[in-house]
Amino acid sequence: MDKWNLIINVGRCENCHNCVIAERDEHVGNDYPGYAASASLTSEASIRILRRVQGAVPMVETTYLPVMCNHCDDAPCMKVGGDAIRKRDDGIVIIDPLKAKGRKDIVGSCPYQAIIWNEEQQLPQTWIFDAHLLDGGWPQPRCVQVCPTDVFEAVKLDDAAMSAKAQREGLQVLKPELGIQPRVYYRNLGRWEQCFIGGSVSANLAGVMECVVGAEVTLSQGERKIATTRSDDFGDFRFEGLATDSGRYRVDIMHKTGQASRECVVTESVYLGEICVA
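A short tour of the structure in this document, coming up. Remember, it's a predicted structure, so these values are computed and weren't measured experimentally. Counting of residues starts from 1 at the beginning of each chain's written sequence and follows it residue by residue. Side-chain atom pairs in this predicted model are given and counted only at pLDDT of 80 or more, local residue features only at pLDDT of at least 70, and totals for whole chains, interfaces and linings cover all residues. With hydrogens and water stripped out, all remaining heavy atoms of the structure feed into the side-chain values.

## A short note on the nonpolar core
Phase 1: Take the buried residues of types Ala, Val, Leu, Ile, Met, Phe, Trp, Tyr and Cys, join any two whose side-chain atoms come within 4.5 Å, and each joined set is a nonpolar core. Only protein chains enter the accessibility calculation, which uses a 1.4 Å probe; a residue whose area is less than 20% of its type maximum is buried, one above 50% is exposed, and one in between is partly exposed. Leu 6, Ile 8, Leu 65, Tyr 112, Trp 127, Phe 152 and Tyr 186 are the most contacted members of the largest nonpolar core, which has 50 residues in total.
Phase 2: What counts as a helix is a DSSP run of H or I of at least four residues, what counts as a strand is a run of E of at least two, and both are numbered from the N terminus. Going through the elements one at a time, strand S1 (3-9), helix H1 (18-27), strand S3 (59-67), strand S5 (93-95), helix H3 (131-135), helix H4 (142-146) and strand S9 (184-187) are the ones with two or more residues in this core.
Phase 3: The criterion used for residue contact is that any of the two residues' heavy atoms lie within 4.5 Å. Excluding residues that lie within four positions of it along the chain, Leu 65 makes contacts with Val 10, Arg 48, Ile 49, Leu 50, Leu 174, Tyr 186, Leu 189 and Trp 192.
Phase 4: In terms of nonpolar packing, the next biggest core, distinct from the first, is built from 21 residues, Ile 197, Ala 215, Leu 242 and Ile 275 among them.

## Remarks on the sheet that holds strand S16 (residues 258-266)
Pairing between the strands of a sheet comes from backbone hydrogen bonds, and it takes one of two forms, parallel or antiparallel.
Phase 1: We treat two strands as partners when DSSP finds at least two bridges between them. The four strands are arranged S13-S12-S15-S16 in an open sheet whose pairing can be described as antiparallel. The sheet terminates laterally at strand S13 (224-230) and S16, the two strands that pair on one side only. Adjacent strand axes in the sheet meet at a mean angle of 20 degrees when their direction is disregarded.
Phase 2: Examined bridge by bridge, strand S15 (residues 247-255) and S16 share nine bridges and lie antiparallel to one another. Along S16, the bridge assignment pairs Arg 248 with Val 265. Each axis is a line fitted through C-alpha atoms, taken for helices only over the stretch in contact, and angles between the N-to-C directions span 0 to 180 degrees.

## Section: a nonpolar patch on the surface
Phase 1: On the surface, Val 53, Val 57 and Val 60 cluster together into a nonpolar patch covering about 280 Å² of accessible area.
Phase 2: Note on Val 53: relative accessible area 48%, which makes it partly exposed. A residue counts toward a patch only above 30% relative accessible area and without a salt bridge, and it is joined to like-charged neighbours within 9 Å or, for Val, Leu, Ile, Met, Phe, Trp and Tyr, to nonpolar neighbours within 5 Å. Under the convention used here, a 1.4 Å probe and the Shrake-Rupley method define accessible areas, while residue burial counts only the protein chains that appear. Here a salt bridge means any side-chain nitrogen of Lys or Arg lying within 4 Å of a carboxyl oxygen belonging to Asp or Glu.

## A look at helix H5 (residues 159-169)
Phase 1: Taken as a whole, H5 has its buried residues at Met 162, Lys 165 and Ala 166. Each buried residue of H5 sits inside an arc of 100 degrees when the element is viewed along its axis, so together they form one side. In this structure, H5 carries Ala 160, Gln 167 and Arg 168 as exposed residues pointing more than 90 degrees from its buried face.
Phase 2: On the buried face of H5, the contacting elements are S1, strand S8 (152-157) and S9.
Phase 3: Where H5 begins, one side-chain oxygen reaches toward the backbone nitrogen of Ala 160, 3.2 Å away; that side chain belongs to Asp 158.
Phase 4: One or two positions beyond H5, positive phi appears at Gly 170, with a value near 70 degrees. Within this analysis, the arc is defined by the directions that extend from the helix axis to the C-beta atoms. Here a polar contact is recorded for every N or O atom pair within 3.5 Å, except that within protein the pair must consist of a potential hydrogen donor and a potential acceptor, and residues adjacent in sequence are included only if both atoms are side-chain atoms.

## Comments concerning H1
Side chains that are three or four residues apart share a direction in an α-helix, a result of its 3.6 residues per turn.
Phase 1: Of all 10 residues in H1, seven are buried; the element is thus mostly enclosed.
Phase 2: On its buried face, H1 sits against strand S2 (48-56), H3, H4 and S8.
Phase 3: Count one or two residues on from H1 and you reach Gly 29, which has phi positive near 80 degrees.

## Examining the pattern of salt bridges
Phase 1: Using the criterion set out here, one finds 19 salt bridges in the structure.
Phase 2: Here Asp 90 and Arg 88 are joined by a salt bridge, their closest N and O atoms 2.6 Å apart. One exposure class covers both Asp 90 and Arg 88, and it is buried.
Phase 3: Salt-bridge contacts for Glu 263 lead to Arg 248; the nearest nitrogen and oxygen are separated by 3.4 Å. Placement of the pair is Glu 263 in strand S16 and Arg 248 in strand S15, with a sequence separation of 15 residues.
Phase 4: Taking relative accessible area as the criterion, Glu 263 reaches 52% and is therefore assigned exposed.
Phase 5: Residues joined in a network through salt bridges with shared partners are Lys 3, Asp 73, Lys 87, Asp 159 and Arg 183.

## With respect to the sheet that holds S1
Phase 1: Read from one edge to the other, the open sheet built from three strands follows the order S8-S1-S9, with strand pairing classed as mixed. For this open sheet the edge positions go to S8 and S9, each flanked by a neighbour on one side alone. Pairs of neighbouring strands in the sheet enclose a mean axial angle of 30 degrees, with direction left out of account.
Phase 2: Where S1 and S8 come together, six bridges link them in antiparallel fashion. Bridging across to S8, Lys 3 finds its partner in Leu 157.

## A look at the environment of Lys 156
Phase 1: As for its placement among the helices and strands, Lys 156 is situated in strand S8.
Phase 2: Sequence-wise, Lys 156 and Asp 252 are 96 residues apart; in three dimensions their C-alpha atoms are separated by 49 Å.
Phase 3: The contact partners of Lys 156, leaving out residues within four places of it in the chain, are Asp 2, Lys 3, Trp 4 and Asp 90.

## Here's the deal with the packing of aromatic side chains
Phase 1: Ring pairs are drawn from Phe, Tyr and Trp, using the six-membered ring of Trp, whenever the two centres fall within 6.5 Å, and their geometry is named by plane angle: stacked under 30 degrees, edge-to-face over 60, tilted for the rest. Scanning the entire structure with this criterion turns up three aromatic pairs.
Phase 2: An aromatic cluster is defined as three or more aromatic residues linked by ring pairs; in this entry it consists of Trp 4, Trp 127 and Phe 129.
Phase 3: Think of it as a cone above the ring: NZ of Lys or CZ of Arg counts as a charge over the ring if it is within 6 Å of the ring centre and within 35 degrees of the ring normal. Taking NZ or CZ as reference, Arg 238 lies 4.1 Å from the ring centre of Phe 196, over its face.

What follows is the structure, given as structure tokens:
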């Protein structure tokens, strides 16, 4: 049977909050019996946009990560909520607006912190994949409809086809170590989870500091050479895809004008600054 999945394109989100606003517009003050009670304007939004800032001026990268209910096949919230939470045949998880009344314990069961507490309704609530709209004939949830940068893709496939698509396109899930089979996938998740080492190569040429184009830059860890690149037209270089807290690295720079080396410890992304080779 085909089931709903959401793909989030990391790097496309520009923090416009259109998805958050659309979800608030859909649910605040609007009651959908069987799906969700009306949301409260004073409660948190069921879609959150997380922010990660890496590096230092002038080499700074800001990444935004939308997070919502992952509609997990082995959802921890269902184990806590019992019959107050159900999993539909199309993969969507629904917190019953009647049976979940007063069940604040359900809020803490989500490892993605995607269940919020509606104090006015005394009810745990989450993003329901706009199931009420899909059941009414909509081809996609509102977050897909309103996003100006195509961050979201809603796809309805059987499990085998979705698994093949994820493998083929390099899609990943958050917290895979939990084994809870989430139905929200991320493309280019490395932009959120990994680090970079960067710097800018310059040289003092006839008393003038100039950026150095085409310098050979090598990244090593211990005796192991990891990667080699060249400085661009602005003298900048960057090594991406490094794990957080991955230890000490050495950067060696070679150019006809001279050479230089720098060391750093990676806990988060590192900008080495301007490195003069002559």
